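Here's the letter readout for the chains.
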Amino acid sequence: MKNNIVCKFGGTSVANAGQINKVKNIISQNNERKYVVVSAPGKESSEDEKITDHLINLATGGKHFRMQNKNISSQHSYDVVIGKFQKLIVDLGIEGKDVLKHLKDDLKKSLPEYKRIDFLASRGERYNAEIICQYFNKQGIPSELVLPENMGLTVSENFSNAYVIPLSYRNIKEKLSQIEGVAVIPGFYGVTTKGDVAVFSRGGSDLTGGEVAYAIEAALYENWTDMDGIYQVDPRLIPEAKIIPRLTYKEIRLLSSKGFDVFHYDAMMNCKKRKIPIQIRNTNNISSEGTLIVSERVPEEVVVGIARQDNVAYLYIEIDGMGDTIGIVNDLIDVIHDYGIETYHYPTDRDDVAILLNQDDLVGYAADIKDKIEREFKPDILDFNYNITILSPVGIGMKNHPGVIADAATALKEKNINIDIINQGPAQVSFHFGFQNYYADSALKAMYERLLK
Ligand code: ASP
């Protein structure tokens, strides 16, 4: 829809009444901001946990936090969730009695565990949207709550990792075109064709924003966060890192999937198809222009950012004759996929391969996978290597610019840092160096100095 802006506000932007008031000011500044997607309340301070995590903890009887070695009972999570919404209602001065009643009813709903996790996880967005909508109306912004189930946002049955089914786009467009004022939409979830709530992967409200922007052919998708935009590297480690003014869809996809957690790694996919610009902005600093994501970037700087992914493991497998056996690498990878574990990067040589994955995904499965590979493939060497960090410089200008990898490698050599794994995608928009984690901070600093400063 012409000139319409989809705005998505992340957890910290809607974490308390003060933040929600900033959201209201942003919406009232521009009447093209008609579609507002909201997250559940996020952290107010670094010691807090997100409401979504409390909800998952509740659904799993305390297992969610126990697995992170945190001592937070499900009863405590229940109290935090109810307390948070109660406080929002009081602080915003809205009539929220029904909200609390419905929320409490939902939290009691009995469902099989895999469905209950998604249903409860979605309640943070569901009720925050209702509260924000009531607040907008009270403040004189005519608004309507539009739930995913009411706009036909239909998703697959992959609980906790659902994806949008394409028939949704027509439904969304039809429903939203009937809304007169501002539509307030809870992010992060949709409904399956059987009527069950299923959530996207974590951070999935970004995805809702991208899907809504695509469905209505928005002029712009604004993604409001608590950062001034996307930094070249993690500013906690390199405080002088700058905001990247412009990125292409391809670059943000690579940076997000390799460890930048500012924007969901799938949320740009449909915007890219319709060339809908995405602007990452800061709710707490509206004067910052943020980062604009578009199809082309001029000038094409060689490297725009360096992503960092910790907690990576790799399986190193050597089998004499591997290089002559058609399909063997695929069969090895399948062993891991059979456990529902995602893998990425497969540096190979004639008779060996390394298969990279998230080390947390191996918990509980490593011994079984090892046994299975030993039995079925009789490898000469089979090793699990843990605590690897992958650093991935990204930039569309790299392919026309010889020597970037050499520069990065030289910077590491000067610091005496040994590289375990090297991989470059054929698109030449990024490359990946893997090290033992204890090298990661100094490796990132060295590469930043050489490639970005
Ligand atoms: N609240 C969900 C999460 O914490 C989704 C989101 O905030 O985007 O992952």
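Heads up: the structure comes first, above all this text.
Sequence order as written defines the numbering, with residues in each chain counted from 1. Per-residue local features are limited, in this predicted model, to residues with pLDDT of at least 70; the limit for side-chain atom pairs, both in listing and counting, is 80 or more; totals at the level of whole chains, interfaces and linings are taken over all residues. Computation of side-chain values covers all heavy atoms of the structure but excludes hydrogens and water.

A. Region of interest: the packing of aromatic side chains. Only the six-membered ring of Trp is used, alongside the rings of Phe and Tyr, when aromatic pairs are assigned; centres must lie within 6.5 Å, and planes under 30 degrees apart are stacked while those over 60 apart are edge-to-face, with the rest tilted. For the structure on display, the rule yields 8 aromatic pairs. Both rings, one in Phe431 and one in Phe433, keep their centres 5.2 Å apart while their planes meet at 55 degrees; by these two values the pair is tilted. Only protein chains enter the area calculation, which uses a 1.4 Å probe; residues under 20% of their type maximum are buried, those over 50% are exposed, and those in between are partly exposed. Look at Phe431 and you get buried, because its relative accessible area is 1%. Charge-over-ring placement is defined geometrically: NZ (Lys) or CZ (Arg) within 6 Å of the ring centre, and within 35 degrees of the ring normal. Over the aromatic face of Phe119 sits the side chain of Lys109, whose NZ or CZ is 4.7 Å from the ring centroid. Positioned above the aromatic ring of Tyr214 is the side chain of Arg274, whose terminal nitrogen or guanidinium carbon lies 4.1 Å from the ring centre.

B. The arrangement of the environment of Val353 in detail. Along the chain, Val353 falls in strand E13 (residues 352-358). Val353 sits in the buried class, given a relative accessible area of 2%. Val353 sits 205 residues away from Pro148 along the chain, and the two C-alpha atoms are 44 Å apart. In this description a helix means any DSSP run of H or I spanning at least four residues, a strand means any run of E spanning at least two, and both kinds are numbered starting from the N terminus.

C. Expanded view of the pairing of strand E14 (residues 381-394). The pairing criterion is simple: DSSP has to find at least two bridges between the two strands. Alignment of strand E11 (residues 305-318) against E14, held across 11 bridges, turns out to be antiparallel. Bridge pairing in E14 links Ala307 to Ser392. Of the pairings in the sheet, the one linking E14 to strand E16 (residues 431-436) comprises 4 bridges and is antiparallel in character. In the strand pairing of E16, Leu391 is matched with Phe433.

D. View of a negative patch on the surface. Taken together, the side chains of Asp331, Asp334, Asp338 and Glu376 present a region of like negative charge at the surface. Of note, Asp334 is situated in helix H11 (residues 328-337). Classification of Asp334 by relative accessible area gives partly exposed; the value is 34%. Residues qualify for a patch when their relative accessible area is over 30% and they have no salt bridge, like charges being joined within 9 Å and the nonpolar side chains of Val, Leu, Ile, Met, Phe, Trp and Tyr within 5 Å. Note on areas: Shrake-Rupley with a 1.4 Å probe; residue coverage comes only from the protein chains shown. We define a salt bridge as a side-chain nitrogen of Lys or Arg found within 4 Å of a carboxyl oxygen belonging to Asp or Glu. Charge convention: Lys and Arg are scored as positive, Asp and Glu as negative, and His as well as the terminal groups of each chain are ignored. Here the site of a charge means NZ on Lys, CZ on Arg, CG on Asp, or CD on Glu.

E. The arrangement of the packing of helix H1 (residues 17-28) against helix H6 (residues 113-138) in detail. Between the N-to-C directions of two axes lies an angle of 0 to 180 degrees, each axis being a line fitted to C-alpha atoms and, for a helix, fitted only over the stretch in contact. Between H1 and H6, whose axes approach to 11 Å, the crossing angle comes to 60 degrees. The angle between H1 and H6 falls in the class oblique. The way H1 lies across H6 gives a crossing that is right-handed. Here Ile20, Asn21, Val23, Lys24 and Ile27 of H1 come into contact with H6, specifically with Asn128, Ile132, Tyr135 and Phe136. Put simply, angles under 35 degrees are roughly parallel, angles over 145 are roughly antiparallel, angles from 65 to 115 are roughly perpendicular, and the rest are oblique. Left-handed describes a crossing whose near helix is turned anticlockwise from the far helix through less than a right angle; right-handed describes the clockwise counterpart. In what follows, residue pairs with any heavy atoms lying within 4.5 Å of each other are defined as contacts.

F. Summary view of helix H8 (residues 205-216). One less than the residue count of a helix, multiplied by 1.5 Å, gives the span that helix is expected to have. For H8, spanning 12 residues, the distance from its first C-alpha to its last is 17 Å, which sits close to the expected 16 Å at 1.5 Å a residue. Of all 12 residues making up H8, 12 are buried, and the element is well covered by its neighbours. Within H8 the residues assigned to the buried category are Ser205, Asp206, Leu207, Thr208, Gly209, Gly210, Glu211, Val212, Ala213, Tyr214, Ala215 and Ile216. Two residues or fewer past H8, Glu217 is found with a positive phi of approximately 55 degrees.

G. Summary view of the sheet that holds strand E7 (residues 220-225). Within the open sheet, the 8 strands sit side by side as E3-E4-E2-E1-E7-E9-E10-E8. Their pairing is mixed. For this open sheet the edge positions go to strand E3 (143-145) and strand E8 (246-248), each flanked by a neighbour on one side alone. Across the sheet, the axes of successive neighbouring strands diverge by a mean angle of 20 degrees, strand direction being ignored. Bridge count between strand E1 (residues 5-9) and strand E2 (residues 33-38): 5 bridges; the pairing is parallel. Considered in E2, the bridge of Ile5 is made with Arg33. Each of E2, E3 and strand E4 (182-186) is contacted by H6, which is oriented at about 160 degrees to E4, the strand it contacts most. Against the sheet, helix H9 (residues 249-257) makes contact with E8, strand E9 (278-282) and strand E10 (291-294), and its axis sits at roughly 85 degrees relative to E8, the strand it touches most.

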